Amino acid sequence: VSELAPPYLERLSAARRKMAEQGVGALALSIGAELPWLVGYEAMPLERLTLLVVRGDAEPVLLVPRLEAPRVRERPELFRLRPWEEHEDPYALAASELKGSGVIAISDRAWASALLALQRAISQAGDASVRFVSAGALLSPLRSQKDPWELSRLAGAAKAADAVASALVGGAVRLVGRTERAVSREIGERLLAEGHRRVGFAIVASGENSASPHHEPTDRTICPGEPVVCDFGGPWSPDDEPGYCSDITRTLWVGEQVDPYFATCYAVLQEAQATGVAAARPGQPAEVVDAEVRARLASAGLGEAFVHRLGHGIGLDEHEEPYLVAGARSPLLERQVFSVEPGFYLPGRFGARIEDIVVAEAGGGRALNRAPRGLALVD
Ligand code: ZN
Ligand code: ZN
């Protein structure tokens, strides 16, 4: 479809520049998003060690368990593959690759057990001066500004999620008489049918459950005369490159008679969400965008009811930098991609949320999601 390709070599050079700037001698990438971002390979989250060692000078080495080597797409321009056998000690191998690195930046989601074993092996090898820091902190400034290839992937993921959201809003998914769990399952199946690699999550929160932002779907049966909040997404990819995530929320009203107070609050929410999207332009501190949306809800008496941050960055991770929250003073940067997802939650009564994925652009944020946001009456 597109001639774009993931620019792994450029990313490797950029990562090495960051390492030099921050005095980091080696990257040690294992489970989590840093590894697929850098070289396109995602480690299996199992106990056997997968580790990419990148140093300033030498060729990167990817240590993988022998039985997982067949799933590695070889990229000789990026790394040398070193499968380790079941009888070998992968931590001793890693320690010898990392020898003399000084400061080592390790994946944020590497197992604690792997880090401990690595520290032990390094100290047994007599390398006393090693210190570990976060690879997430080192790489997130690079990861948060998406390149054109990543933008096309995130747009594809948003389009796939939109197809499911549009089916919900358009009434193609029956709600009345079904349980939250059954509707959640159908949303998941539809996400997979639209090209998602797996279902990240599919929240279906009906009636007073809609007042719980991270509600786990239950066997509650959906009835007329109540709202249903549907928030779903997961990694999407049309080929063997790592999946970029979708994340969308739409709130529906079941039946014909909308509670007048709910309708009033929802109208404010929709306007506040649009305000947030428009305000999300480069140069604007993330916390200011959060505050503008919060002020709009507060002016309608819903300030206390908006109990979470406005949004989170998205990419290979469902949640990553930047976060749109009080205290996030850094200005947004062009090509950062994040959610704008205000909500209101009135315990014992009901709640609602509207969420789109947005790209920071000079003229204001551009929503990648296009599914209708108005309150849909469905059954
Ligand atoms: Zn969401
Ligand atoms: Zn989200």
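Structural data are supplied above this passage.
Criteria and thresholds
- Residues numbered from 1 in each chain as written.
- Chains lettered and ligands numbered in written order.
- Predicted model: local features only at pLDDT ≥ 70, side-chain atom pairs only at ≥ 80, totals over all residues.
- Heavy atoms only, no water.
- Helix = DSSP H or I, 4+ residues; strand = E, 2+ residues; numbered from the N terminus.
- Buried < 20%, exposed > 50% of the residue type's maximum accessible area, 1.4 Å probe, protein only.
- Contact = heavy atoms within 4.5 Å.
- Areas by Shrake-Rupley, 256 points an atom, 1.4 Å probe, with all protein chains shown as cover.
- Pairing = 2+ DSSP bridges.
- Axes fitted to C-alpha atoms, helices over the stretch in contact; angles between N-to-C directions.
- Donors = N, O, S within 2.8 Å, 3.2 Å for Na, K, Ca; no water.
- Tetrahedral: all angles 85-135°; square planar, octahedral: opposite > 155°, others 65-115°.

Asks: Where do I start with the overall build of the protein in this structure?
Replies: The helix and strand inventory of the protein stands at 9 helices and 19 strands. In terms of principal-axis extent, the alpha carbons of the protein reach across some 70 × 40 × 40 Å. By residue count, 56% of the 379 residues in the protein fall in the buried class. Summarising the internal contacts of the protein: among those between residues at least 6 apart in sequence, 67% fall at separations of at least 24. With the model as given, the accessible surface of the protein reaches about 15900 Å², and the carbon-plus-sulfur share is 52%.

Asks: Can you help me understand the sheet that holds strand β6 (residues 131-134) in this one?
Replies: Pairing between sheet strands relies on hydrogen bonds along the backbone, with the strands arranged either parallel or antiparallel. The strand order β4-β3-β2-β1-β5-β6 describes an open sheet built from 6 strands, whose pairing is mixed. On the outer flanks of this sheet lie β4 (80-84) and β6, each paired with one strand and no other. Taking each pair of neighbouring strands and ignoring which way they run, the sheet shows an average axis angle of 25°. Along the sheet, helix α3 (residues 90-98) makes contact with β1 (26-29), β2 (51-55), β3 (61-65), β4 and β5 (103-106), crossing β2 at roughly 10°.

Asks: Help me out: how do you make sense of the coordination of the zinc ion (ligand 2) in this one?
Replies: Only D247 (OD), H312 (NE2), E341 (OE) and E355 (OE) from the protein coordinate the zinc ion (ligand 2), and they sit 2.1 to 2.2 Å from it. Considering all 4 donor atoms around the zinc ion (ligand 2), the spread of angles at the metal, 80 to 160°, places the coordination shape in the irregular class. In terms of primary sequence, the donors binding the zinc ion (ligand 2) are separated according to D-x64-H-x28-E-x13-E. Between the two metal centres, the zinc ion (ligand 2) and the zinc ion (ligand 1), the spacing is 3.1 Å, with D247 acting as a shared donor. Of this pair, D247 sits in the loop between β10 (244-245) and β11 (248-254) while H312 sits in strand β12 (residues 311-313), and the two are 65 residues apart along the sequence. Judged by its relative accessible area of 2%, H312 falls in the buried class.

Asks: What is the right way to read the environment of P141 from this model?
Replies: Relative to the elements of secondary structure, P141 occurs in helix α5 (residues 135-144). Sequence separation between P141 and L333 is 192 residues, and the spatial gap between their C-alpha atoms is 10.0 Å.

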